[in-house]
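Below, each chain spelled out in residue letters.
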Amino acid sequence: MYDYDLLVVGSANADLVVRVERRPGAGETVLGSDLAVHPGGKGANQAVAAARLGARTALLARVGDDGHGRLLLDAQRAAGVDTVGALVGGAPTGVALITVDPSGDNSIVVSPGANGRLAPADVRAAASLFQAARVVSVQLEIPLETVAEVVRSLADGSRLVLNPSPPRPLPPEVLAACDPLIVNEHEARVIAGDGLGDSPEDWATALLALGPRSVVVTLGAAGALVAERAGPRVRVPSVPVEAVDTTGAGDAFTAALAWRLGRGESLAEAARYAARVGAVAVTRAGAQESFPTAAEVAEVAAP
Ligand code: ADP
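Everything quoted here is computed from the prediction, not taken from an experiment. (Residues numbered from 1 in each chain as written. Predicted model: local features only at pLDDT ≥ 70, side-chain atom pairs only at ≥ 80, totals over all residues. Heavy atoms only, no water.)

Got a minute to help me understand unusual backbone geometry in this structure?
Trans peptide bonds make up most of the peptide bonds, and negative phi angles are found at most residues other than glycine. Residue Pro-166 follows Ser-165 across a cis peptide bond; omega there is -5°. Mapped onto the elements of the fold, Pro-166 is located in the loop between strand E9 (159-163) and helix H6 (172-177). With omega at 10°, the peptide bond leading from Asp-179 into Pro-180 counts as cis. Locating Pro-180 in the fold gives a position in strand E10 (residues 178-183). (Helix = DSSP H or I, 4+ residues; strand = E, 2+ residues; numbered from the N terminus.)

In C-alpha coordinates form, the structure reads like this:
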(Lines give C-alpha, C1' and ligand atoms only; values in the text may rest on other atoms or scores of the structure.)
Protein backbone atom coordinates (compact mmCIF):
# COMPACT_ATOMS: atom_id res chain seq x y z
CA MET A 1 0.00 0.00 0.00
CA TYR A 2 1.43 3.37 -1.00
CA ASP A 3 0.86 6.46 1.16
CA TYR A 4 1.55 8.81 -1.76
CA ASP A 5 0.33 8.69 -5.35
CA LEU A 6 3.17 11.05 -6.25
CA LEU A 7 6.43 12.22 -4.73
CA VAL A 8 7.84 15.30 -6.46
CA VAL A 9 11.56 15.96 -5.97
CA GLY A 10 12.51 19.37 -7.29
CA SER A 11 12.73 23.11 -7.06
CA ALA A 12 10.73 25.77 -5.29
CA ASN A 13 11.21 29.37 -6.41
CA ALA A 14 9.60 32.69 -5.63
CA ASP A 15 8.82 34.41 -8.94
CA LEU A 16 9.34 38.18 -8.49
CA VAL A 17 7.60 39.92 -11.37
CA VAL A 18 7.79 43.60 -12.37
CA ARG A 19 6.04 44.97 -15.46
CA VAL A 20 8.07 47.57 -17.37
CA GLU A 21 7.46 49.77 -20.42
CA ARG A 22 10.83 48.69 -21.80
CA ARG A 23 13.30 46.10 -20.50
CA PRO A 24 16.52 47.87 -19.42
CA GLY A 25 19.71 47.64 -21.44
CA ALA A 26 23.21 47.45 -19.96
CA GLY A 27 23.82 50.22 -17.42
CA GLU A 28 20.23 51.43 -17.66
CA THR A 29 17.60 51.87 -14.93
CA VAL A 30 13.89 51.81 -15.70
CA LEU A 31 10.91 52.19 -13.37
CA GLY A 32 8.39 49.38 -13.21
CA SER A 33 5.09 48.37 -11.65
CA ASP A 34 4.57 47.26 -8.07
CA LEU A 35 6.29 43.94 -7.36
CA ALA A 36 4.16 40.79 -7.66
CA VAL A 37 5.42 37.66 -5.89
CA HIS A 38 4.16 34.27 -7.13
CA PRO A 39 4.99 30.77 -5.91
CA GLY A 40 6.84 28.85 -8.63
CA GLY A 41 9.66 26.48 -9.46
CA LYS A 42 9.01 23.31 -11.44
CA GLY A 43 8.95 20.97 -8.45
CA ALA A 44 6.61 23.15 -6.41
CA ASN A 45 4.38 23.70 -9.46
CA GLN A 46 4.07 19.98 -10.17
CA ALA A 47 3.26 19.16 -6.55
CA VAL A 48 0.49 21.78 -6.43
CA ALA A 49 -0.89 20.63 -9.79
CA ALA A 50 -1.11 17.01 -8.65
CA ALA A 51 -2.58 17.78 -5.23
CA ARG A 52 -5.21 20.05 -6.73
CA LEU A 53 -6.33 17.14 -8.93
CA GLY A 54 -6.73 15.02 -5.80
CA ALA A 55 -3.45 13.08 -5.85
CA ARG A 56 -1.92 12.27 -2.47
CA THR A 57 1.27 14.24 -3.04
CA ALA A 58 4.53 14.88 -1.17
CA LEU A 59 7.26 17.38 -2.06
CA LEU A 60 10.97 16.90 -1.38
CA ALA A 61 12.53 20.33 -1.89
CA ARG A 62 14.71 22.87 -0.09
CA VAL A 63 13.83 26.49 0.64
CA GLY A 64 15.58 29.18 2.66
CA ASP A 65 14.67 30.20 6.20
CA ASP A 66 13.02 33.38 4.91
CA GLY A 67 9.73 34.92 3.87
CA HIS A 68 9.85 33.49 0.35
CA GLY A 69 10.35 30.00 1.74
CA ARG A 70 7.36 30.39 4.04
CA LEU A 71 5.22 31.70 1.18
CA LEU A 72 6.16 28.70 -0.96
CA LEU A 73 5.45 26.12 1.71
CA ASP A 74 2.16 27.84 2.62
CA ALA A 75 1.11 27.54 -1.04
CA GLN A 76 1.96 23.83 -0.98
CA ARG A 77 -0.07 23.19 2.17
CA ALA A 78 -3.00 25.24 0.89
CA ALA A 79 -3.13 22.96 -2.16
CA GLY A 80 -3.01 19.85 0.05
CA VAL A 81 0.64 18.83 -0.52
CA ASP A 82 2.36 16.98 2.35
CA THR A 83 5.44 19.09 3.16
CA VAL A 84 6.98 16.65 5.64
CA GLY A 85 9.88 16.31 3.15
CA ALA A 86 10.44 20.05 2.74
CA LEU A 87 13.85 21.15 4.02
CA VAL A 88 14.59 24.66 5.28
CA GLY A 89 17.90 26.51 5.35
CA GLY A 90 21.37 26.37 3.84
CA ALA A 91 20.86 29.28 1.43
CA PRO A 92 18.19 31.86 0.57
CA THR A 93 15.08 30.55 -1.18
CA GLY A 94 15.50 30.32 -4.93
CA VAL A 95 14.11 33.30 -6.82
CA ALA A 96 13.37 34.18 -10.43
CA LEU A 97 13.66 37.91 -11.13
CA ILE A 98 11.31 38.54 -14.03
CA THR A 99 10.71 41.74 -16.01
CA VAL A 100 7.87 41.70 -18.52
CA ASP A 101 7.30 44.32 -21.21
CA PRO A 102 3.92 45.27 -22.76
CA SER A 103 4.38 42.81 -25.62
CA GLY A 104 4.75 39.98 -23.09
CA ASP A 105 8.46 39.45 -23.76
CA ASN A 106 10.40 38.89 -20.58
CA SER A 107 13.93 38.81 -19.18
CA ILE A 108 14.58 36.41 -16.33
CA VAL A 109 17.47 35.98 -13.89
CA VAL A 110 17.28 32.86 -11.73
CA SER A 111 19.11 32.58 -8.43
CA PRO A 112 18.81 28.86 -7.55
CA GLY A 113 19.65 29.49 -3.89
CA ALA A 114 18.44 26.65 -1.70
CA ASN A 115 17.48 24.54 -4.75
CA GLY A 116 21.19 24.21 -5.52
CA ARG A 117 21.75 22.87 -1.98
CA LEU A 118 19.23 20.01 -2.30
CA ALA A 119 21.90 17.32 -1.99
CA PRO A 120 22.15 13.56 -2.56
CA ALA A 121 22.33 13.18 1.25
CA ASP A 122 18.89 14.88 1.47
CA VAL A 123 17.53 12.25 -0.90
CA ARG A 124 19.06 9.41 1.14
CA ALA A 125 17.59 10.87 4.34
CA ALA A 126 14.13 10.81 2.72
CA ALA A 127 14.15 7.04 2.09
CA SER A 128 10.78 6.59 3.81
CA LEU A 129 9.14 8.97 1.31
CA PHE A 130 10.53 6.96 -1.59
CA GLN A 131 9.27 3.71 -0.05
CA ALA A 132 5.80 5.27 0.25
CA ALA A 133 5.51 6.70 -3.29
CA ARG A 134 3.95 4.95 -6.27
CA VAL A 135 5.39 7.46 -8.77
CA VAL A 136 8.33 9.87 -8.39
CA SER A 137 8.63 12.98 -10.56
CA VAL A 138 11.84 14.99 -10.94
CA GLN A 139 13.11 17.89 -13.06
CA LEU A 140 16.52 19.58 -13.52
CA GLU A 141 16.27 22.76 -11.43
CA ILE A 142 18.20 20.87 -8.71
CA PRO A 143 21.76 19.43 -8.95
CA LEU A 144 22.19 16.57 -11.43
CA GLU A 145 23.95 14.46 -8.77
CA THR A 146 20.78 14.78 -6.68
CA VAL A 147 18.67 13.61 -9.63
CA ALA A 148 20.99 10.61 -10.01
CA GLU A 149 20.50 9.81 -6.30
CA VAL A 150 16.73 9.94 -6.83
CA VAL A 151 17.13 7.25 -9.50
CA ARG A 152 19.10 5.08 -7.06
CA SER A 153 16.51 5.61 -4.32
CA LEU A 154 13.42 4.42 -6.21
CA ALA A 155 11.53 1.67 -4.41
CA ASP A 156 10.92 -1.60 -6.24
CA GLY A 157 7.82 -1.19 -8.38
CA SER A 158 7.69 2.60 -8.28
CA ARG A 159 7.97 4.59 -11.48
CA LEU A 160 10.10 7.61 -12.42
CA VAL A 161 8.88 10.51 -14.54
CA LEU A 162 11.54 13.04 -15.61
CA ASN A 163 11.06 16.39 -17.31
CA PRO A 164 14.63 17.50 -18.10
CA SER A 165 14.08 21.24 -17.74
CA PRO A 166 16.22 23.29 -17.98
CA PRO A 167 17.75 20.73 -20.36
CA ARG A 168 21.27 19.34 -20.27
CA PRO A 169 22.77 16.04 -21.41
CA LEU A 170 21.88 13.23 -19.03
CA PRO A 171 23.94 10.24 -17.84
CA PRO A 172 22.81 6.82 -19.10
CA GLU A 173 21.88 5.74 -15.56
CA VAL A 174 19.29 8.54 -15.34
CA LEU A 175 17.97 8.10 -18.88
CA ALA A 176 17.46 4.37 -18.38
CA ALA A 177 15.20 4.97 -15.37
CA CYS A 178 12.77 7.34 -17.12
CA ASP A 179 9.29 5.95 -17.74
CA PRO A 180 8.56 8.33 -19.35
CA LEU A 181 11.07 11.04 -20.24
CA ILE A 182 8.86 14.09 -20.96
CA VAL A 183 10.34 16.71 -23.30
CA ASN A 184 9.36 19.60 -25.51
CA GLU A 185 11.21 20.20 -28.78
CA HIS A 186 13.94 22.34 -27.23
CA GLU A 187 14.61 19.79 -24.48
CA ALA A 188 14.63 16.95 -27.04
CA ARG A 189 17.31 18.78 -29.05
CA VAL A 190 19.57 19.28 -26.04
CA ILE A 191 19.16 15.69 -24.79
CA ALA A 192 19.53 13.95 -28.15
CA GLY A 193 21.90 16.42 -29.85
CA ASP A 194 22.45 16.12 -33.59
CA GLY A 195 20.50 13.54 -35.52
CA LEU A 196 17.17 14.22 -33.86
CA GLY A 197 15.30 13.95 -37.16
CA ASP A 198 12.45 16.02 -38.55
CA SER A 199 9.16 14.91 -37.00
CA PRO A 200 8.14 14.31 -33.38
CA GLU A 201 7.96 10.61 -34.30
CA ASP A 202 11.65 10.78 -35.31
CA TRP A 203 12.52 12.64 -32.11
CA ALA A 204 10.85 9.93 -30.03
CA THR A 205 12.82 7.25 -31.86
CA ALA A 206 16.10 9.11 -31.30
CA LEU A 207 15.32 9.65 -27.62
CA LEU A 208 14.27 6.04 -27.03
CA ALA A 209 17.61 4.95 -28.46
CA LEU A 210 19.24 6.70 -25.48
CA GLY A 211 17.63 4.28 -23.05
CA PRO A 212 14.37 5.58 -21.50
CA ARG A 213 11.55 3.04 -21.26
CA SER A 214 9.11 5.54 -22.74
CA VAL A 215 9.01 9.08 -24.10
CA VAL A 216 6.40 11.82 -24.22
CA VAL A 217 7.00 14.79 -26.51
CA THR A 218 4.84 17.81 -25.66
CA LEU A 219 3.92 20.00 -28.63
CA GLY A 220 2.10 22.98 -27.08
CA ALA A 221 -1.15 23.71 -28.92
CA ALA A 222 -0.43 20.69 -31.16
CA GLY A 223 -0.79 18.28 -28.22
CA ALA A 224 1.70 15.52 -27.50
CA LEU A 225 3.20 12.32 -28.85
CA VAL A 226 3.71 9.23 -26.70
CA ALA A 227 6.06 6.35 -27.49
CA GLU A 228 6.98 3.18 -25.66
CA ARG A 229 9.99 1.13 -26.61
CA ALA A 230 8.16 -1.68 -28.30
CA GLY A 231 4.92 0.12 -29.04
CA PRO A 232 3.59 2.44 -31.73
CA ARG A 233 4.00 6.22 -31.73
CA VAL A 234 0.64 7.66 -30.64
CA ARG A 235 -0.41 11.28 -31.20
CA VAL A 236 -2.53 12.85 -28.48
CA PRO A 237 -4.36 15.94 -29.77
CA SER A 238 -4.67 19.03 -27.59
CA VAL A 239 -8.00 20.42 -26.45
CA PRO A 240 -8.76 23.57 -28.49
CA VAL A 241 -8.90 26.54 -26.09
CA GLU A 242 -8.22 30.27 -26.05
CA ALA A 243 -4.76 30.35 -24.45
CA VAL A 244 -4.02 33.39 -22.29
CA ASP A 245 -0.88 32.27 -20.42
CA THR A 246 1.06 29.06 -21.03
CA THR A 247 3.23 29.46 -17.90
CA GLY A 248 3.22 26.20 -15.97
CA ALA A 249 1.32 24.23 -18.63
CA GLY A 250 4.16 21.74 -18.96
CA ASP A 251 4.30 21.31 -15.17
CA ALA A 252 0.54 20.72 -14.95
CA PHE A 253 0.72 18.26 -17.85
CA THR A 254 3.60 16.31 -16.27
CA ALA A 255 2.00 16.15 -12.82
CA ALA A 256 -1.30 14.96 -14.21
CA LEU A 257 0.36 12.34 -16.40
CA ALA A 258 2.45 11.04 -13.48
CA TRP A 259 -0.61 10.76 -11.23
CA ARG A 260 -2.70 8.94 -13.83
CA LEU A 261 0.12 6.50 -14.63
CA GLY A 262 0.19 5.59 -10.94
CA ARG A 263 -3.53 4.83 -11.15
CA GLY A 264 -2.73 2.19 -13.74
CA GLU A 265 -3.65 4.02 -16.93
CA SER A 266 -1.69 3.42 -20.12
CA LEU A 267 0.74 6.11 -21.24
CA ALA A 268 -1.66 7.27 -23.98
CA GLU A 269 -4.65 7.39 -21.59
CA ALA A 270 -2.65 9.33 -19.02
CA ALA A 271 -1.43 11.76 -21.70
CA ARG A 272 -5.01 12.36 -22.88
CA TYR A 273 -6.02 13.29 -19.35
CA ALA A 274 -2.89 15.45 -18.95
CA ALA A 275 -3.75 17.31 -22.18
CA ARG A 276 -7.09 18.30 -20.65
CA VAL A 277 -5.30 19.55 -17.52
CA GLY A 278 -2.79 21.51 -19.63
CA ALA A 279 -5.63 23.02 -21.65
CA VAL A 280 -7.37 24.40 -18.56
CA ALA A 281 -4.07 25.72 -17.22
CA VAL A 282 -3.38 27.80 -20.36
CA THR A 283 -6.78 29.51 -20.18
CA ARG A 284 -5.83 31.16 -16.87
CA ALA A 285 -3.06 33.55 -15.85
CA GLY A 286 -0.11 32.41 -13.73
CA ALA A 287 1.32 29.01 -12.90
CA GLN A 288 0.09 27.49 -9.64
CA GLU A 289 -2.96 29.79 -9.68
CA SER A 290 -3.97 28.34 -13.06
CA PHE A 291 -4.02 24.63 -12.14
CA PRO A 292 -7.47 22.99 -12.18
CA THR A 293 -9.26 20.63 -9.82
CA ALA A 294 -10.45 17.24 -11.10
CA ALA A 295 -14.01 18.62 -11.18
CA GLU A 296 -12.88 21.43 -13.49
CA VAL A 297 -11.06 18.95 -15.75
CA ALA A 298 -14.22 16.82 -15.91
CA GLU A 299 -15.98 19.72 -17.66
CA VAL A 300 -13.39 19.68 -20.48
CA ALA A 301 -14.16 17.34 -23.37
CA ALA A 302 -11.54 14.66 -24.04
CA PRO A 303 -9.26 15.47 -26.99
P1 ADP B 1 6.26 23.11 -22.11
O2 ADP B 1 5.73 24.30 -21.34
O3 ADP B 1 7.01 22.16 -21.25
O4 ADP B 1 6.98 23.48 -23.38
P5 ADP B 1 3.89 22.60 -23.69
O6 ADP B 1 3.82 24.05 -24.02
O7 ADP B 1 4.08 21.63 -24.81
O8 ADP B 1 4.95 22.29 -22.54
O9 ADP B 1 2.51 22.26 -22.94
C10 ADP B 1 2.28 21.02 -22.31
C11 ADP B 1 0.91 20.52 -22.72
O12 ADP B 1 -0.11 21.47 -22.35
C13 ADP B 1 0.75 20.30 -24.21
O14 ADP B 1 1.20 19.00 -24.57
C15 ADP B 1 -0.75 20.45 -24.39
O16 ADP B 1 -1.43 19.26 -24.07
C17 ADP B 1 -1.12 21.52 -23.36
N18 ADP B 1 -1.10 22.85 -24.01
C19 ADP B 1 -0.06 23.74 -24.06
N20 ADP B 1 -0.38 24.83 -24.78
C21 ADP B 1 -1.67 24.64 -25.20
C22 ADP B 1 -2.60 25.42 -25.98
N23 ADP B 1 -2.26 26.62 -26.48
N24 ADP B 1 -3.82 24.90 -26.20
C25 ADP B 1 -4.19 23.70 -25.67
N26 ADP B 1 -3.37 22.92 -24.94
C27 ADP B 1 -2.12 23.38 -24.70
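There is more to say, and it comes next.
For this particular structure, what's the right way to read helix H9 (residues 249-262)?
Since the α-helix turns once every 3.6 residues, residues separated by three or four places project in the same direction. Taking 1.5 Å per residue as the helical rise, H9 with its 14 residues ought to reach 20 Å, and the 20 Å between its terminal C-alpha atoms agrees with that figure. Of all 14 residues in H9, 13 are buried; the element is thus mostly enclosed. Two residues or fewer after H9 comes Gly-264, characterised by a positive phi angle close to 95°. (Expected span 1.5 Å × (residues − 1). Buried < 20%, exposed > 50% of the residue type's maximum accessible area, 1.4 Å probe, protein only.)

I would appreciate a short explanation of the packing of aromatic side chains in the present structure.
By convention here, two paired aromatic rings are described through the distance between centres and the angle between planes. If you walk through the whole model with that rule in mind, you get one aromatic pair. On the basis of an interplanar angle of 70° and a centroid distance of 6.0 Å, the ring pair of Trp-259 and Tyr-273 is categorised as edge-to-face. Here Tyr-273 lies in helix H10 (residues 267-282) and Trp-259 lies in helix H9, a separation of 14 residues in the sequence. By the burial criterion, Trp-259 is buried, and Tyr-273 matches it. When the ring centre of Trp-259 is taken as reference, the NZ or CZ atom of Arg-260 above it lies at 5.2 Å. Lying across the ring of Tyr-273, Arg-260 places its NZ or CZ 3.8 Å from the centre. (Phe/Tyr/Trp six-rings, centres within 6.5 Å; stacked < 30°, edge-to-face > 60°. Lys NZ or Arg CZ within 6 Å of the ring centre and 35° of its normal.)

Is there a simple way to explain the sheet that holds strand E7 (residues 106-111) in this structure?
Pairing between the strands of a sheet comes from backbone hydrogen bonds, and it takes one of two forms, parallel or antiparallel. The strand order across the open sheet formed by four strands is E3-E2-E6-E7, and the pairing between neighbours is mixed. Since the sheet does not close on itself, it has two edges, and those belong to strand E3 (36-40) and E7, each with one partner. Strand-to-strand, the axes of this sheet are offset by a mean angle of 20°, without reference to chain direction. As paired strands, strand E6 (residues 94-100) and E7 are joined by six bridges and run antiparallel to one another. (Pairing = 2+ DSSP bridges. Axes fitted to C-alpha atoms, helices over the stretch in contact; angles between N-to-C directions.)

Would you explain the site of the ligand in this entry?
Near the ligand you find 16 residues, and of these Asn-184, Thr-218, Gly-220, Gly-223 and Val-239 are the closest. Interatomic distance of 2.9 Å between a side-chain N/O atom of Asn-184 and an oxygen atom of the ligand. One nitrogen or oxygen atom from the side chain of Thr-218 is found 3.1 Å from an oxygen atom belonging to the ligand. When contributions to the shell around the ligand are tallied by element, the ones reaching two or more residues are H9 and H10. Take the shell around the ligand: its biggest share by element is four residues, from H10. In terms of residue class, the shell around the ligand is made up of nine nonpolar, seven polar and no charged. (Near = heavy atom within 4 Å. Polar contact = N/O pair within 3.5 Å; in protein donor to acceptor, adjacent residues only side chain to side chain. Nonpolar A, V, L, I, M, F, W, Y, C, P; charged D, E, K, R; others polar.)

Explain the sheet that holds E10 here, please?
Read across the open sheet, the nine strands follow the order E5-E4-E1-E8-E9-E10-E11-E12-E13; overall the sheet is mixed. What marks the edges here is a single partner per strand, and that holds for strand E5 (86-88) and strand E13 (233-236). The sheet shows a mean angle of 20° between the axes of neighbouring strands, direction not considered. Examined bridge by bridge, E9 and E10 share two bridges and lie parallel to one another. Residue pairing in the sheet places Leu-160 in a bridge with Cys-178 of E10.

Please clarify how helix H8 (residues 200-208) should be interpreted in this entry.
The complete set of buried residues in H8 reads Pro-200, Trp-203, Ala-204, Ala-206, Leu-207 and Leu-208. Residues of H8 that are buried make contact with E10, helix H7 (185-192), strand E11 (214-218), strand E12 (224-228) and E13. (Contact = heavy atoms within 4.5 Å.)

Looking at this model, I keep getting lost on the pairing of strand E8 (residues 133-139). Mind explaining?
Two faces make up the sheet, and in a regular strand the side chains alternate between them. Where burial is concerned, most of E8 is hidden: six out of the seven residues are buried. The pairing of strand E1 (residues 4-9) with E8 spans five bridges and is parallel. Within E8, the position partnered with Leu-6 by the bridge is Val-135. Taking the sense of rotation as the criterion, the β-α-β connection linking E8, helix H5 (residues 144-153) and E9 turns out right-handed. (Right-handed = clockwise from strand over helix to strand, strands pointing away.)

I'm lost on the pairing of E9 in this one. Help?
Most of E9 sits inside the fold, with four of its five residues counted as buried. In this structure, E8 lies alongside E9, joined through five bridges in parallel fashion. Counterpart to Val-138 in the pairing with E9 is Leu-162. On the question of chirality, the crossover connecting E9 to the parallel E10 by way of H6 is right-handed.

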